[in-house]
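# Remarks on the overall topology
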Amino acid sequence: MSKSSSAACVETDVTGPRRLGGSEAVVIVIIICLSSVLATVAGMRVPDVLQLLAGAGAVAALVVGLVTGAPLRGLRRTLGALLTPPV
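Cut-offs used in this document
- Numbers given to residues run from 1 along each chain, matching the order in which its sequence is written.
- Where local features are concerned, this predicted model is filtered to residues with pLDDT of at least 70; where side-chain atom pairs are given and counted, the filter is 80 or more; whole-chain, interface and lining totals use all residues.
- Only heavy atoms go into the side-chain values, all of them from the structure, while hydrogens and water stay out.
- Put simply, DSSP marks the helices as runs of H or I at least four residues long and the strands as runs of E at least two long, and each gets a number from the N terminus on.
- Per-residue and other accessible areas follow the Shrake-Rupley method at a 1.4 Å probe size, with only the shown protein chains counted as cover for residues.
- Helix axes use the C-alpha atoms of the stretch in contact, all axes being lines fitted to C-alpha atoms, and the angles between their N-to-C directions lie in the range 0 to 180 degrees.
- With the far helix as reference, a near helix turned anticlockwise by less than a right angle produces a left-handed crossing, and one turned clockwise produces a right-handed crossing.
- Pairs of residues are marked as contacts when any of their non-hydrogen atoms sit within 4.5 Å.
- For this classification, Asp, Glu, Lys and Arg are treated as charged, while Ala, Val, Leu, Ile, Met, Phe, Trp, Tyr, Cys and Pro are nonpolar and the rest, including Gly, are polar.
- Should an angle fall under 35 degrees it is taken as roughly parallel, and over 145 as roughly antiparallel, whereas 65 to 115 is taken as roughly perpendicular and any remaining angle as oblique.
- When a carboxyl oxygen of Asp or Glu is within 4 Å of a side-chain nitrogen of Lys or Arg, the pair counts as a salt bridge.
- Buried, partly exposed and exposed residues are distinguished by accessible area as a fraction of the type maximum, computed with a 1.4 Å probe on protein chains only: under 20%, between the cut-offs, and over 50%, respectively.
- Like-charged residues are merged into a patch within 9 Å and nonpolar side chains (Val, Leu, Ile, Met, Phe, Trp, Tyr) within 5 Å, provided each residue has over 30% relative accessible area and no salt bridge.
- Scored from 0 to 100, pLDDT records how confident the predictor is in each individual residue.
- In a helix, the anticipated span is given by 1.5 Å times the number of residues less one.

For the rest of this paragraph, the subject is the overall build of the chain. Assigned secondary structure in the chain consists of 3 helices and 0 strands. In the chain, the succession of α and β elements from N to C terminus is α-α-α. Of the roughly 7700 Å² that the chain leaves accessible, carbon and sulfur atoms contribute 69%.

Any two packed helices are characterised by the angle at which their axes cross and by the distance between the axes. The geometry of helix α1 (residues 22–40) relative to helix α2 (residues 46–68) is characterised by a closest axis approach of 9 Å and an angle of 140 degrees between their N-to-C directions. In the packing of α1 onto α2, the handedness of the crossing is right-handed. Touching Ile31, Leu34, Ser35, Leu38 and Ala39 of α1 are Val49, Leu52 and Leu53, all from α2. When its residues are assigned to classes, the contact of α1 with α2 shows 7 nonpolar, 1 polar and no charged.

Our focus in this paragraph is the packing of α2 against helix α3 (residues 72–83). Following both chains from N to C, one finds α2 and α3 inclined at 160 degrees, their axes separated by 11 Å at the closest point. Judged by the angle between their axes, α2 and α3 are roughly antiparallel. Crossing hand, α2 versus α3: left-handed. Contacts between α2 and α3 involve Ala58, Leu62, Gly65 and Leu66 on the former and, on the latter, Leu75, Thr78, Leu79 and Leu82. Counted by class, the contact of α2 with α3 contains 6 nonpolar, 2 polar and no charged residues.

Here the focus is the pattern of salt bridges. Counted under the stated rule, the structure contains 1 salt bridge. The closest approach of N and O atoms between Asp48 and Arg45, which form a salt bridge, is 3.4 Å. Take Asp48: its relative accessible area is 28%, and that puts it in the partly exposed class.

Let us look at a nonpolar patch on the surface. Residues Leu20, Ile28 and Ile32 make up a contiguous nonpolar surface patch of roughly 290 Å² in combined accessible area. With relative accessibility at 55%, the residue Leu20 sits in the exposed group.

Right, let's talk about the confidence of the model for the chain for a bit. In this model, the chain carries an average pLDDT of 77, and 80% of its residues clear a pLDDT of 70 or more. Averaged pLDDT values over the elements of the chain bottom out at 76 in α3 and peak at 85 in α1.

Another aspect to go through is α2. Here α2 contains 23 residues, and its C-alpha end-to-end distance of 33 Å stays within 8% of the 33 Å for a straight helix at 1.5 Å per residue. Among the residues of α2, Val49, Ala58, Leu62 and Gly65 are the ones counted as buried. The secondary structure elements touched by the buried residues of α2 are α1 and α3.

Here it is, written out as structure tokens:
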């Protein structure tokens, strides 16, 4: 009688959620610190800080998309979302 291995039924290449790298975590911490400094020291209102951070993130996404050669359809969709007035 052959002895079967219980590990044969376990998939080894199943990927779980990806953890943040060191540089990604540093960027997130810097954004949080910058927003808290803008809100407290500069006296900006929270909606203004969020609008500033959203605008900077959108510009960064467009620049990265242009530099990396993202498909034109995706860039058009992003630009359309940026220029559409809020409801």
